[in-house]
Each structure stands twice: as structure tokens, then as C-alpha cells.
Amino acid sequence: TAAHPLSAVRAEFPFLAPSGYGPPLAYLDNAATTQKPRPVLDAVVDFYTTANSNIGRGFYELSRRATGRYEEAREVVRRFVNAAHADEIVFTRGTTDAVNLLADTFAERIVGPGDDIVVTGMEHNSNLLPWRRLCERRGARLRIVPSPAGGPVRPDDLAAVLGHRTRLVAVSHVSNVLGTVNPVRELAAVAHDRGVPVVVDGAQAVAHLPVDVREIGADFYCFSGHKVYAPMGSGVLYGRRELLADLPPYQVGGGTVKGVSHDAPVSYVPVPARLEAGTPDIGAAVGLATALTWLDGLGRDAVRAHDADLVRYAVEVLRGVDRVRVVGDPAADPAGIVSIAVDGLHPYDVGGHLDRHGIAVRSGVHCASAFLDDLGLLGTVRLSFAVYSTRDEVDRVAEALRTVRAGEWTTDYPDTRFR
Ligand code: PMP
């Protein structure tokens, strides 16, 4: 058989290089953050080595260079998500920052007393709490569309929840807990039928699925760079030009105004600069552009095939382990995530046990405790894959699970912070 198209990719990740001591790390927490390939690390170092200066100070060459790299990065992101215009791309610190931006600017203006915002039952706290807080502040109601047994949210179920006071719908593209892929295009169509704008949380989608914001019909689409092989501190808010154009600034400060005098009213610059107050993380944006170009270079079909192979393999192998239950149906539409529960064991026990076998997975409620409550689970143990993940790593998980016992959770887990 031909070599897998991604078989050489692992060598591009310095973090994954074998240490020579003990078994190599099986890093299977890629939904939390991915490791970074050499070209991304190099691009960040190159920025700081050859172009580091602040943007928008065009009176010297170096600043023009930094500005150029920052705006080129915006264009790369535009192409990656197939936005119509580069000024529809706002750089943020990540998904959480992007959703908060929308809650405090776009939604703040259109949501009033008696209105409602609709979210799905599977949202990560970052696409739940900003809407919930806004509803509390505005006297509005947050309504939840359930996901049947953790499966994709059905367009009819969304239609049933939408009312004449619904002002906004916010849905995740892919669940960070179960890897469920929502039919975002159909959900957006249902909302648009009622004239309701749609925010899509794409944090778990961009590294796995081709994302075309126009094909989806998303009014807003948010993601984090660090989950797609880019540096931490890089993130994206895509917004349709007509909707972004009127937004008030999120934060105010340098870079957002045309000029300020002590007595005249303030007038703000156009988006995206209006929404990017202060010095942005230029190095991270440069790294993000490099990561997206690099990922595209692997071929989206190859990435999807690799994900599908690993998810199906993991489901099959893990189902064969005594007491292990795969939660949901991750193989139906694979997106790089497989969550399991082990009968009679707390997910922390399982996570700690795997850790001692050199396997890093996430255990617990994955910042989505409301969803776990609906599923009737204390938590799950989540395997999440990246382009460098292997079947061998899945085999190691299965092998280690054969010896897990209760009471192994002895470390003081930071379980309050990551809820
Ligand atoms: N939404 C989803 C679905 C996520 O998985 C995450 C990250 N775990 C976030 C939002 C928040 O992303 P960040 O922490 O990068 O802002």
C-alpha cells in the first residue's frame, strides 16, 4: 500500500521528537491545543528577527514591513475561510475573545428586554456564557436547542425554538466534547428564513473540515489559531461586511480613532482596525497565516481522510476494551474527536492512568458541564487527533485502558478552573 500522505508530517513538529527516555509522548489533546510545526515556529522567529516593529507607523520602512506582514496574514485568513473581503477578517486573541466581542458590540445593540438568543445544548462555555451574561444584562432570555443524545442539532428543532423575538442564533460547528458535526449550513438557512443572524463557533472545525463561510451562510464565524497549528494569542472573527461595518468599537484606544481632540466628538476608523484596539499580536497573526498555508499544503482531503481513519479505528479498537463505552457516534461524520466513558471509573482516574503511560488526553467536562449534565455523565475521557496522530497511539490508549483501576486519581487536579 502507498505511504499515507501525512506519514512524513510528524517530523515537522519539534515538540514531538522522541526524547530517548521512555515511551514517546502520545499527545492526544489536540482539541485543547495543537503542537506547532517548524515552519510556524520559524515564521514567528523570523518576524521578531527581521520585521519586529509596530504597525500603522508608516513613516519608516520597518513599520511598513510589519504592517505588510500583518495585512498579508489577513488576506491568507480570508482565502482560508473563503470570505469575500479581507476587511471581513478581524484578528482576536481567540474564539472566546471573538464571541465576547460580538456579545458586547453586535448583540448588545440588537437584544433588548423580552428578546431572546438561541444557542444549542452542546456549547462550550465560551459560546454560552457571553450570550447568557448579555441576556441577563439586557433582560432577555437564553433559549436552548437540544442535541438529541449528543447528535447533530436538527434544523426542525431549531425552527421550533425560534420565535418572533429571537435576535440571534449561536451554534458550534463541531462539538469539543463529542466531535459531533452540526449541519451549520442548514441551521443558518432556518435562522435566515426568520431574518435571524447566525454566529458559528468554529473552534473545533477549522483544523478538520473545509470551512467556507459563504457556503455555510454564517454571518459571523469564530476560531482560535492555537487549535489549528498556529501560536496562542491568534484568533479570528469573520463577519459579513454589512454587519461588521456598523459595529461600535469593542475596546477603545490606540488604532481605533481618526484623531481625538479634548472637546470634539470621537470619530472611529473603519473595521477591522476599529475592532482591533491597541497593539495586536502581529507575530501570532504571521504565525497563523503560515499555519493555514501549511495546512492547506497538506491537502484538505488528505487531512479529512486521516481524521476519518483514526476516528473509525479508535471507535473500533476502544469498543473492544472491557468496560469502555464510546459516547455519541463520532464515526458518523469524523472530526478528530472520540470521547469515551469507562464504566465505574471517574474520568480523572482514567486520565491520570493514561498520563502514567505517556498519553496526554483531556478528562472531565471540557468546559461544557451543562452539556455533560444533559448527557447524564460526570465527564468523558477525550481523545482528539491532529495530522500527526497515529493508529499506534490509539493502540497504546487501548492497551493502557486494559489495566486501569479505580482510585488512581491521586493528584490534585485543577478541576475548578477548567470547567
Ligand atoms: N469553542 C469551542 C468549541 C472550543 O473547543 C474552545 C476551546 N476549547 C473554545 C470555544 C474557546 O477557545 P479559546 O480558549 O481558544 O478562546
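On a predicted model such as this, the values are computed, not experimentally measured, just so you know.

Engineer: Account for the site of the ligand, naming residues and giving values.
Structural biologist: In the vicinity of the ligand, the residues found are Thr95, Thr96, His124, Ser126, Asn176, Asp201, Ala203, Gln204, Ser224, His226 and Lys227. At a separation of 2.5 Å, a nitrogen atom of the ligand approaches a polar side-chain atom of aspartate 201. In isolation the ligand offers 400 Å² of accessible surface; the protein chains occlude 85% of this area. Split by residue class, the shell around the ligand holds one nonpolar, eight polar and two charged.

Engineer: An account of empty space enclosed by the protein is needed here, citing residue identities and associated values.
Structural biologist: If a probe as big as a water molecule is rolled over the atoms, it shows which places are left empty. By the definition in use, this model includes two cavities of 30 Å³ or more. Computed from the structure, the largest cavity encloses a volume of approximately 80 Å³. If you trace the largest cavity, you find it lined by Phe80, Val206, Ala207, His208, Leu209, Pro210, Leu295, Asp296, Gly299, Arg300 and Val303. Looking at the lining of the largest cavity, the elements that each hand over two or more residues are helix 9 (282–298) and helix 10 (300–319). Taken together, the residues of the lining of the largest cavity sort by class into seven nonpolar, two polar and two charged. Taken as a whole, the second largest cavity encloses approximately 60 Å³ of empty space. Grouping the amino acids of the lining of the second largest cavity by side-chain chemistry returns six nonpolar, four polar and one charged.

Engineer: So what's going on with the sheet that holds strand 5 (residues 166–172)? Which residues, and what values?
Structural biologist: The seven strands are arranged 2-8-7-6-5-3-4 in an open sheet whose pairing can be described as mixed. Because the sheet does not close on itself, it has two edges, and the strands there are strand 2 (89–92) and strand 4 (141–145). Going across the sheet, the axis of each strand differs from the next one's by a mean of 20°, ignoring polarity. Sheet topology note: the strand 7 (residues 220–224)/strand 8 (residues 235–239) ladder contains five bridges and is antiparallel.

Engineer: Pulling in residues and values, what's your account of the pattern of salt bridges?
Structural biologist: If you walk through the whole model with that rule in mind, you get 26 salt bridges. Taking the shortest distance from any N to any O, the salt bridge between arginine 241 and aspartate 87 comes out at 3.2 Å. Here arginine 241, found in helix 8 (residues 241–245), pairs with aspartate 87, found in the loop between helix 2 (61–81) and strand 2; they are 154 residues apart in sequence, far enough to count as distant. Arginine 241 gets classed as partly exposed once you look at its relative accessible area, which sits at 38%. Using a relative accessible area of 26% as the deciding quantity, one classes aspartate 87 as partly exposed. Its salt-bridge partner being arginine 185, residue glutamate 215 comes within 3.4 Å of it at the nearest N-O pair. One end of the pair, glutamate 215, is in helix 7 (residues 213–216); the other, arginine 185, is in helix 6 (residues 184–193), and 30 residues separate them in sequence. Take glutamate 215: its relative accessible area is 45%, and that puts it in the partly exposed class.

Engineer: Describe in detail the sheet that holds strand 12 (residues 337–342), supporting the description with residues and values.
Structural biologist: Across a sheet, paired strands are connected by hydrogen bonds in the backbone, their directions being either parallel or antiparallel. In space, the four strands of this open sheet follow the order 11-12-15-14, with antiparallel pairing throughout. The two strands at the open ends of the sheet, each matched to only one other strand, are strand 11 (324–327) and strand 14 (362–364). For this sheet the average axis-to-axis angle between neighbouring strands, irrespective of direction, equals 30°. Here strand 12 runs beside strand 15 (residues 380–384); their pairing, made up of four bridges, is antiparallel. Across the sheet, the residue bridging to serine 339 is arginine 382, located in strand 15. On top of the sheet, helix 10 reaches strand 11, strand 12 and strand 15; it is set at about 10° to strand 12, its chief contact. Contacting strand 12, strand 14 and strand 15, helix 11 (residues 347–356) runs over the sheet at an angle of about 160° to strand 14.

Engineer: Describe the UniProt feature "domain: Aminotransferase class V" (unreviewed entry) in the protein, listing the residues and the values that go with them.
Structural biologist: Those residues carrying the UniProt feature "domain: Aminotransferase class V" (unreviewed entry) are residues 27–397 in this numbering. Across residues 27–397, the secondary structure splits into 40% helix and 16% strand, with the terminal C-alpha atoms separated by 11 Å.

Engineer: How would you summarise the packing of helix 2 against helix 9 if you had to cite specific residues and measurements?
Structural biologist: Contact geometry for helix 2 and helix 9: axes closest at 9 Å, N-to-C directions at 40°. Here helix 2 is positioned oblique relative to helix 9, judged by the angle of their axes. In this structure, helix 2 crosses over helix 9, and the sense of that crossing is left-handed. Facing helix 2, whose interface residues are Ala66, Arg69, Tyr70, Ala73, Val76, Val77 and Phe80, helix 9 presents Ile282, Ala285, Val286, Leu288, Ala289, Leu292, Thr293, Leu295 and Asp296. For the contact of helix 2 with helix 9, a count of residues per class yields 13 nonpolar, one polar and two charged.

Engineer: I'd like a rundown of helix 4 (residues 129–138), residues and numbers included.
Structural biologist: Along helix 4, the positions that sit buried rather than exposed are Pro130, Trp131, Leu134 and Cys135. Buried residues in helix 4, looked at end-on, bunch into an arc of 135°, giving them a common side. Where the residues of helix 4 are buried, they touch helix 3 (95–110), strand 3 (116–120), strand 4, strand 5 and strand 6 (198–201). Positive phi shows up at glycine 139, right after helix 4, with a value of about 70°.

Engineer: Kindly report on the side chain of glutamate 393, identifying the contributing residues and their values.
Structural biologist: By secondary structure assignment, the location of glutamate 393 is in helix 13 (residues 391–401). Contact partners of glutamate 393, with chain neighbours within four places excluded, come to Arg10, Leu25, Ala26, Tyr27, Leu28 and Tyr388.

Engineer: I'd like a rundown of helix 1 (residues 38–51), residues and numbers included.
Structural biologist: Given a rise of 1.5 Å per residue, 14 residues ought to cover 20 Å, and the 19 Å separating the end C-alpha atoms of helix 1 matches this to within 8%. Where helix 1 is concerned, the buried positions are Val40, Ala43, Val44, Phe47 and Ala51. Taken down its axis, helix 1 places every buried residue within 95° of arc, on the same side. Turned more than 90 degrees off the buried face of helix 1, the exposed positions are Val45 and Thr49.

Cut-offs and rules
Per-chain numbering applies: the sequence of each chain, read as written, is numbered from 1 onward. Residues qualify for local features only when their pLDDT is at least 70, as the model is predicted, and side-chain atom pairs are given and counted only at 80 or more; totals for whole chains, interfaces and linings, by contrast, use all residues. No hydrogens and no water enter the side-chain calculation; it runs on all heavy atoms of the structure. Proximity is defined per residue: any heavy atom of the residue falling within 4 Å of a molecule or strand makes that residue near it. Whenever a nitrogen or oxygen atom comes within 3.5 Å of another N or O atom, the pair is scored as a polar contact, on the condition that within protein one atom can donate a hydrogen and the other can accept it, and that pairs from neighbouring residues in sequence are kept only if both atoms are in side chains. The accessible surface values rely on the Shrake-Rupley method and a 1.4 Å probe; as for residues, cover is taken only from the protein chains in view. Ten residue types, Ala, Val, Leu, Ile, Met, Phe, Trp, Tyr, Cys and Pro, are classed as nonpolar, four, Asp, Glu, Lys and Arg, as charged, and the remainder, Gly among them, as polar. Note on definitions: the grid is 1 Å and covers protein atoms alone; a cavity is a set of points where a 1.4 Å probe fits but cannot get out; a pocket is an open set with protein on both sides within 12 Å along at least five of seven lines; lining residues have an atom within 4 Å of a point. Grid points are joined across faces, edges and corners, and a volume is the space filled by probe spheres set on the points. For helices the rule is a DSSP run of H or I covering at least 4 residues; for strands it is a run of E covering at least 2, with both sets numbered from the N terminus onward. Two strands pair under a simple rule: DSSP has to find at least two bridges between them. Angles shown run from 0 to 180 degrees and are taken between the N-to-C directions of axes, each axis being a line fitted to C-alpha atoms and, for helices, limited to the stretch in contact. Within this document, salt bridges are pairs made up of a side-chain nitrogen of Lys or Arg and a carboxyl oxygen of Asp or Glu, the two lying within 4 Å of each other. Relative accessibility decides the category of a residue: with a 1.4 Å probe and only protein chains considered, values under 20% of the type maximum give buried, values over 50% give exposed, and everything between is partly exposed. Contact between two residues is taken to exist if any of their heavy atoms lie within 4.5 Å; hydrogens are not considered. UniProt positions are given in the numbering used here, feature names are shortened, and annotations may be inferred rather than shown by experiment. Throughout, the term roughly parallel applies to angles under 35 degrees, roughly antiparallel to angles over 145, roughly perpendicular to angles from 65 to 115, and oblique to all others. We call a crossing left-handed when the near helix sits turned anticlockwise from the far one by less than a right angle, and right-handed when that turn is clockwise. Each direction from the helix axis to a C-beta atom contributes to the arc, which is the arc of those directions. Expected helix span is given by 1.5 Å per residue-to-residue step, counting one fewer step than there are residues.

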